[in-house]
Amino acid sequence: MTEYFKPVTPIWCPGCGDFGVLAALKKALSELKIPPHETVIVGGIGCSGHIHNDLLVYGYHALHGRLLTTATAIKLANPKLTVIAAGGDGDGYAIGGNHFIHALRRNPSIVYIVMNNGTYGLTKGQPSPTAQVGYEGTQEIPFEPVLTALSIRSSTFVARGFSGNQPQLVYLFKEALNHANSLKGFAFVDVLSPCVTYNDTYAVWRKAVVDVNADKNYDYTDRKKAFETALSIIESGGIPTGLLYKGESKSFEQMMLHDSTPMALQNLSPEQNLEKYKQLLTRFK
Ligand SMILES: Cc1ncc(C[n+]2csc(CCOP(=O)(O)OP(=O)(O)O)c2C)c(N)n1
Ligand code: SF4
Ligand SMILES: [Mg+2]
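Remember, it's a predicted structure, so these values are computed and weren't measured experimentally.

## Looking at the side chain of Asn-213
Relative to the helices and strands, Asn-213 resides in the loop between β9 (209-211) and α8 (223-235). A distance of 2.7 Å separates a polar atom in the side chain of Asn-213 from the backbone nitrogen of Leu-243. Excluding anything up to four places from it in sequence, Asn-213 contacts Tyr-171, Tyr-218, Tyr-220, Gly-242 and Leu-243.

## Remarks on the UniProt feature "domain: Thiamine pyrophosphate enzyme TPP-binding" (unreviewed entry) in the protein
Listed under "domain: Thiamine pyrophosphate enzyme TPP-binding" (unreviewed entry) in the UniProt record, and renumbered for this structure, are residues 52-191. Annotated as residues 52-191, this span is 36% helix and 23% strand, and its ends, taken at the C-alpha atoms, are 16 Å apart.

## Describing the site of ligand 2
Close contacts around ligand 2 come from Trp-12, Cys-13, Cys-16, Cys-47, Asn-117, Gly-121, Cys-195, Val-196, Thr-197 and Tyr-198, and that covers them all. Partitioning the shell around ligand 2 into residue classes produces 7 nonpolar, 3 polar and no charged.

## Looking at the packing of aromatic side chains
Two numbers describe a pair of aromatic rings. These are the distance of the centres and the angle of the planes. Across all of its chains, the model carries 9 aromatic pairs by this definition. With 6.0 Å between their ring centres and 35° between their planes, Tyr-112 and Phe-186 make a pair best called tilted. Within this pair, whereas Tyr-112 is found in strand β4 (residues 111-116), its partner Phe-186 is found in the loop between α6 (166-181) and β8 (187-192), the two being separated by 74 residues in sequence. According to the relative accessible area criterion, Phe-186 is buried, its value standing at 1%.

## Quick word on the confidence of the model for the protein
On average, residues of the protein carry a pLDDT of 96, and 98% of them reach 70 or more. The secondary-structure element of the protein with the lowest mean pLDDT is helix α10 (residues 274-282), recorded at 90, while β8 shows the highest, at 99.

## Some details on the pairing of strand β1 (residues 39-43)
The side chains of a regular strand alternate between the sheet's two faces. With 5 of 5 residues buried, β1 is to be regarded as a mostly interior element. In the sheet, β1 pairs with strand β2 (residues 58-61) via 4 bridges, with the strands oriented parallel. Within β2, the position partnered with Val-40 by the bridge is Tyr-58.

## Regarding the site of ligand 1
Lining the immediate environment of ligand 1, one finds 16 residues, of which Cys-47, Ser-48, Asp-89, Gly-90 and Asp-91 sit closest. Cys-47 is positioned with one of its backbone polar atoms (N or O) 2.8 Å from an oxygen atom of ligand 1. At 2.7 Å from an oxygen atom of ligand 1 is found a side-chain nitrogen or oxygen belonging to Ser-48. In isolation ligand 1 offers 590 Å² of accessible surface; the protein chains occlude 72% of this area. Of all the secondary-structure elements, those providing two or more residues to the shell around ligand 1 are α3 (89-95) and β5 (119-120). Sorting elements by how many residues they give to the shell around ligand 1 places α3 first, with 4 residues. Its residues placed into classes, the shell around ligand 1 shows 5 nonpolar, 9 polar and 2 charged.

## Details of a nonpolar patch on the surface
Taken together, Leu-268, Tyr-277, Leu-280 and Phe-284 make up a surface patch of nonpolar side chains, about 430 Å² in accessible area. Mapped onto the elements of the fold, Leu-280 is located in helix α10. Residue Leu-280 is classed as partly exposed on the basis of its relative accessible area of 39%.

## Looking at the environment of Gly-87
Here Gly-87 is to be found in strand β3 (residues 82-88). Given the relative accessible area of 0%, Gly-87 is considered buried. Along the primary structure Gly-87 and His-64 are separated by 23 residues, whereas in three dimensions their C-alpha atoms are 9.1 Å apart. When neighbours within four sequence positions are excluded, Gly-87 is seen to be in contact with Gly-44, Ser-48, Leu-67, Ile-113, Val-114 and Met-115.

## Details of the sheet that holds strand β10 (residues 239-246)
Spatially, the 8 strands line up as an open sheet ordered β2-β1-β3-β4-β8-β7-β10-β9, and their pairing is mixed. This sheet does not close on itself; its edge strands, each paired only once, are β2 and β9. Looking at each pair of strands side by side, their axes are set apart by 20° on average, direction ignored. Contacting β3, β4, β7 (157-162), β8, β9 and β10, α6 crosses the sheet at an angle of about 155° to β7.

## Focus on the side chain of Arg-223
As for its position among the elements, Arg-223 is in helix α8. The side chain of Arg-223 is buried and forms no salt bridge, while Asp-222, the nearest opposite charge, is found at 8.1 Å. Of the polar contacts made by the side chain of Arg-223, one reaches the backbone oxygen of Ser-155; its length is 2.8 Å. Ignoring sequence-local partners within four residues, the contact set of Arg-223 consists of Ala-149, Leu-150, Ile-152, Arg-153, Ser-154, Ser-155 and Tyr-245.

What counts as what
- Residues numbered from 1 in each chain as written.
- Chains lettered and ligands numbered in written order.
- Predicted model: local features only at pLDDT ≥ 70, side-chain atom pairs only at ≥ 80, totals over all residues.
- Heavy atoms only, no water.
- Helix = DSSP H or I, 4+ residues; strand = E, 2+ residues; numbered from the N terminus.
- Polar contact = N/O pair within 3.5 Å; in protein donor to acceptor, adjacent residues only side chain to side chain.
- Contact = heavy atoms within 4.5 Å.
- UniProt positions renumbered as here; feature names shortened; annotations may be inferred.
- Near = heavy atom within 4 Å.
- Nonpolar A, V, L, I, M, F, W, Y, C, P; charged D, E, K, R; others polar.
- Phe/Tyr/Trp six-rings, centres within 6.5 Å; stacked < 30°, edge-to-face > 60°.
- Buried < 20%, exposed > 50% of the residue type's maximum accessible area, 1.4 Å probe, protein only.
- pLDDT = per-residue confidence, 0-100.
- Pairing = 2+ DSSP bridges.
- Areas by Shrake-Rupley, 256 points an atom, 1.4 Å probe, with all protein chains shown as cover.
- Patch = residues over 30% accessible without salt bridge, like charges linked within 9 Å, V, L, I, M, F, W, Y side chains within 5 Å.
- Salt bridge = Lys/Arg side-chain N within 4 Å of Asp/Glu carboxyl O.
- Axes fitted to C-alpha atoms, helices over the stretch in contact; angles between N-to-C directions.
- Lys, Arg positive; Asp, Glu negative; His and termini not counted.

Below, the structure written as structure tokens:
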């Protein structure tokens, strides 16, 4: 690819929470001075998955629920890139649910942003795994992505923001980008991003959010305490937000690449590799 695509105007409904996610992401990338030509956003399928079209970076529109495998492969091919996967709650927690769990377990150094609105916005408002009880008649107990992420022993970064709280969201995105770009592993940020057209939760969420970092004694390096704190907030009807957990575990690149040169950084010029190519050909004779 020799030219950038020009960012387009977002297609979202006026007031959609995803505008807040885009604004915070832009601010975080520019404040950290991350070069656009070294940044890739892999978008999921859904309204949220349009985000990679709205920024001056490389973009890839993945299959539904399969953005994490694509983003992981990009990072393995070139660990120098800033790699961000961004999609919806349907994409990430329903069809992509098992990929979510295994990405947390493998710990590739990418940022994963889930624009969580409790609905399938693009397909006009069916309940997603995080839909509140009663939404469109659903009686199912909502899936709790941050508790799942905290329960996986090799997860290294678990956070939740709210598109209605920009300073907190910019802070979380900067922390997540720094975590992934120092090759420390998978930086997961669930973002409460209301769908004003099919599930307008702004007023309810604004009252329910609890910022765990507001308590100066909160220790985000203690996984057990983080789980207990998040669970007790949920059980009392609140929604835990903030940097919930940051820890250490081997990254997927460390496990997979060892000392080998990543694919995109290898010298593949035919002239300089003629002998190797000839040797390779002998194996097929
Ligand atoms: C394999 C496959 N199954 C189903 C669909 C239909 N589909 C398109 S978007 C979507 C869900 C979108 O919900 P979410 O990921 O929460 O994104 P949002 O629109 O809410 O941002 C579905 C089921 C599809 N595109 N591909
Ligand atoms: S349908 Fe909902 S999620 Fe989709 S753009 Fe509109 S407000 Fe946003
Ligand atoms: Mg959704």
